[in-house]
Amino acid sequence: MKIRCAVIVGVLSLALLAPGGASASSHIQYGVQDDAWLLYGPEPPAQRIQILQRLGVDVVRLTLRWDTVAQTAPTDARDPDDPAYDWDLYDPLLERLRAAHIAVLISLWGTPEWANGGNTPNNVPDDATSFASFAYAVATRYPWITRWTVWNEPNVRVFLIPNSPSLYVARLLNPAYRALKSVNPRNLVAGGVTSPRKTPSGVSPIAWIRGMHAAHARLDAYAQNPYPVRPGETPTSGGCWRCTEITMATLPKLIAEVKRDFGARTRIWLTEYGYNSKPPSKWLGVSNALQARFVGEAALRAFLSPKVDLLIHFLVRDEPNARKWTSGFYTSRGRIKPSFNAFVLPFAQVSRRGTRTTVWGQVRPRSGAQPYRLQQLRAGRWRWVGGTRLTTRAGYLRRVVTAGRGVRLRIWSPRDRRYSAVITVR
């Protein structure tokens, strides 16, 4: 079995990096998650939506907390109009996103005290029906939302106690799956939503996937948060292939594991990903320039995988505490970072043979084919490479240019009046 998995991972690695695979996942969507900023950000609500539109996000992931909506036990838990339910925090935001035609992925999380014997929200509910009834109520209230994840990082105790894949499946995933499908058969439900590695008190994502399989999990997609966990790790290198962790660098390992345990039809959603930038980060931080470069490389990495349907960037705005998350497109004081433009115009190198270099990118805002131009730095000056060209209808571009090792390239979007991050040919 180890030999067979190693072969599968090796083949998938080559497929991900092969130049000819650059059309493999043309239906992938890219989005963001930043619950605090979306709900309480310093900008007016309409301006926050405008920022999302300027970024060109396809989808927003939002955590909808069970313990916030249902602080007391409802009489009819399946009825979203039950007096115990309070939707005031989420209704305005979700309606604004709907009006802006921005898709939403809802993550259901947080057990209220009345459902877990007075414990904290990260404790599993006492039975299998209460959470299912809540999922039914949420899906009934927001019928235009069709993508859901059940919980977040249940393999670590910060989010679920106990760390049991069988309990997760029995009391959370499978009951919610049945409830969501009964409201709308078109609802897509992802399980897992695992953190990239085992914590001292948690479970590795590999063990979690296998535990879910043993518990007969029902799911349309497996969700993973493939953050880097090692200094020097990039979206395509530096990961540990023999370990039980799963990061973006070892994405083929996740693809092989999900296929083995849940079948070839199960999709993969990458539901949280990002790099802290330093300064100010004190933890696994990279420079602002590297953060921007990795945004493009991660976008390409996901695009090249035919199994990946979503890649969600975390965050939009840095947290004020530098010991927490600084993976945003803005600093905590609202200053724009290079990663903003890198998300709007992701740009990355696919391959190089001598001076024949293949590059890939996307112009994300708006829909339909978009104009762009390519630039190369020569003799200290940025010079145009050819004239204006159009992307595909999905906004993608793929170019073969004459550029050897060390040449610097970038793209320009005239409609956005922005340059992408600069890539240096390797």
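Residues numbered from 1 in each chain as written. Predicted model: local features only at pLDDT ≥ 70, side-chain atom pairs only at ≥ 80, totals over all residues. Heavy atoms only, no water.

## Focus on the state of the cysteines
In this structure the tally under the stated criterion is one disulfide. Here Cys240 is linked by a disulfide to Cys243, with a sulfur-sulfur distance of 2.0 Å. Judged by the torsion about the S-S bond (70°), the Cys240/Cys243 disulfide is right-handed. The class of Cys240 is buried, set by a relative accessible area of 7%. Residue classification places Cys243 among the partly exposed positions, given a relative accessible area of 24%. (Disulfide = S-S within 2.5 Å. Buried < 20%, exposed > 50% of the residue type's maximum accessible area, 1.4 Å probe, protein only.)

## Some remarks on helix α6 (residues 130-141)
With twelve residues, α6 ought to run about 16 Å at 1.5 Å a step, and its terminal C-alpha atoms sit 17 Å apart, in line with that. Burial of α6 is extensive: nine of the twelve residues sit out of reach of the surface. Looking at α6, one finds that the buried residues are Ser130, Phe131, Ala132, Ser133, Phe134, Ala135, Ala137, Val138 and Ala139. Looking at the buried residues of α6, the elements they touch are β2 (59-65), α4 (66-69), β3 (103-109), β4 (147-150) and α7 (165-183). (Helix = DSSP H or I, 4+ residues; strand = E, 2+ residues; numbered from the N terminus. Expected span 1.5 Å × (residues − 1). Contact = heavy atoms within 4.5 Å.)

## With respect to the packing of helix α8 (residues 205-214) against helix α9 (residues 251-262)
Contact geometry for α8 and α9: axes closest at 10 Å, N-to-C directions at 15°. Considering the angle they form, α8 stands roughly parallel to α9. Note on packing geometry: the crossing formed by α8 with α9 is right-handed. Of the residues in α9, those touching α8 at Ile206, Ile209, Arg210, Met212 and His213 are Lys253, Leu254, Glu257, Arg260, Asp261 and Phe262. The residue inventory of the contact of α8 with α9, partitioned by class, reads five nonpolar, one polar and five charged. (Axes fitted to C-alpha atoms, helices over the stretch in contact; angles between N-to-C directions. Parallel < 35°, antiparallel > 145°, perpendicular 65-115°, else oblique. Left-handed = near helix turned anticlockwise from the far one by under 90°. Nonpolar A, V, L, I, M, F, W, Y, C, P; charged D, E, K, R; others polar.)

## As for the sheet that holds strand β10 (residues 356-362)
In spatial order, the strands read β9-β10-β13; together these three strands make up an open sheet with antiparallel pairing. Each edge of the open sheet is held by one strand with a lone partner, namely β9 (347-353) and β13 (396-402). On average, each strand axis in the sheet is inclined to that of its neighbour by 20°, with strand direction left out of account. In this structure, β9 lies alongside β10, joined through six bridges in antiparallel fashion. Bridging across to β10, Ala348 finds its partner in Trp360. Along the sheet, helix α10 (residues 288-303) contacts β9, β10 and β13; its crossing angle with β9, the most-contacted strand, is approximately 70°. (Pairing = 2+ DSSP bridges.)

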